[in-house]
Every structure is written in structure tokens, then in C-alpha cells.
Amino acid sequence: MLDMLADSAWIVWLILAAVLIVIEILSLDLTFLMLGIGALAAAGASGLGAGGGIIVQVLVFVAVSLLLLFLVRPRLLARMHRGPGREGLSNADRLPGSQCTVLEPVTAVTGLVRLHGDVWSARSESGEIGQAETAYVHRVDGATVIVARSAPDLEDPPIHGA
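Residues numbered from 1 in each chain as written. Predicted model: local features only at pLDDT ≥ 70, side-chain atom pairs only at ≥ 80, totals over all residues. Heavy atoms only, no water.

Between helix α2 (residues 9-27) and helix α3 (residues 31-47), the shortest axis-to-axis distance is 8 Å and the interhelical angle comes to 170°. When the axis of α2 is compared with that of α3, the two are roughly antiparallel. Classified by chirality, the crossing of α3 by α2 is left-handed. Residues A9, W10, W13, L14, L16, A17, L20, I21, I23, E24 and S27 of α2 pack against T31, F32, L33, L35, G36, A39, L40, A42, A43, S46 and G47 of α3. Tallied by class, the residues present in the contact of α2 with α3 amount to 16 nonpolar, five polar and one charged. (Axes fitted to C-alpha atoms, helices over the stretch in contact; angles between N-to-C directions. Helix = DSSP H or I, 4+ residues; strand = E, 2+ residues; numbered from the N terminus. Parallel < 35°, antiparallel > 145°, perpendicular 65-115°, else oblique. Left-handed = near helix turned anticlockwise from the far one by under 90°. Contact = heavy atoms within 4.5 Å. Nonpolar A, V, L, I, M, F, W, Y, C, P; charged D, E, K, R; others polar.)

Okay, structure coming up:
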């Protein structure tokens, strides 16, 4: 029985990898994914007939898993949880600074603009903007864009709904 298990160790590693990856799907923390990849590496070492048997396979599992946990996982987590730089913004938060065309005059209480092919309700805090004029989105307030004739200063990331 042990001889058969030793000859088929790669199957055991593949089963362990599958279990770890299923656990990762449930946890979404990337820890079990790194361990699953380590188990796949150990299965590869076993399948290639690594000398030293199970000891080499376990060392491959531990080494690959630790490298992934401490070198790859932190970078992936940082990328996944990136703060709101321009590339990490939601769709609505990307709108400030966008140019739009006024379809109906925009006042402090009403107006319509065409923005990226869509029609948005709009308001202006800087006076009336006439039909067919160009305006710039300063911020988004729900389903309404706040626009002005001049482009906003976007040094600080815009805050949705502020």
C-alpha cells in the first residue's frame, strides 16, 4: 500500500492542490491559492521522479509556498486593494474633469448634458451655461453632474458625492 502511494504521490499532491484551491475560492485571501500552487509544484517534482522521494517533494512544497506567500501574495493584495488613484477609481469617480456638451441650459436647479454618449441631468454652481456650450464635470452628486465652464483642478482625487 505504501509502495503504491509512493509511486502515485503526484496524485495525492494534485488532490491536495484541488482542495486548497477550493478553500481559496471560499476565503478569497490568496493564502490557500499560494499553498495550492506549492502543492502543484510538489506534484510536478513527484511526476518528474525527483530523487529523495517524499522529502524532496515536501521541501519543494514548503519552499514554493513560502516564496509565493511572502513575495507574490503581498503584491497581489496591494494591487487588489489599491486606493483611489486615477486608475483605481469607479466609473462615477472618473467623470470629474470630463468634457460634456450642454443639451439644455444648465442652471443651479436644472439642465441636461451629453457626457461620454449618455445624457445626464446637470446643475451649475457658477451661473447659467447655455445650450451647445462646452462644460466640464466638477463632481457627481447621485445621478446629477455638477458642471462649470472651466475644467476642475484634479490634483486631489475627486470624492464621489461631495
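Here we come to the sheet that holds strand β4 (residues 134-141). With mixed pairing, five strands are arranged side by side around a closed barrel as β1-β2-β3-β5-β4. On average, each strand axis in the sheet is tilted by 55° relative to the strand beside it, whichever way the strands run. With four bridges connecting them, strand β3 (residues 118-124) and strand β5 (residues 144-148) associate as parallel partners. Bridge pairing links R123 to I146 in β5. (Pairing = 2+ DSSP bridges.)

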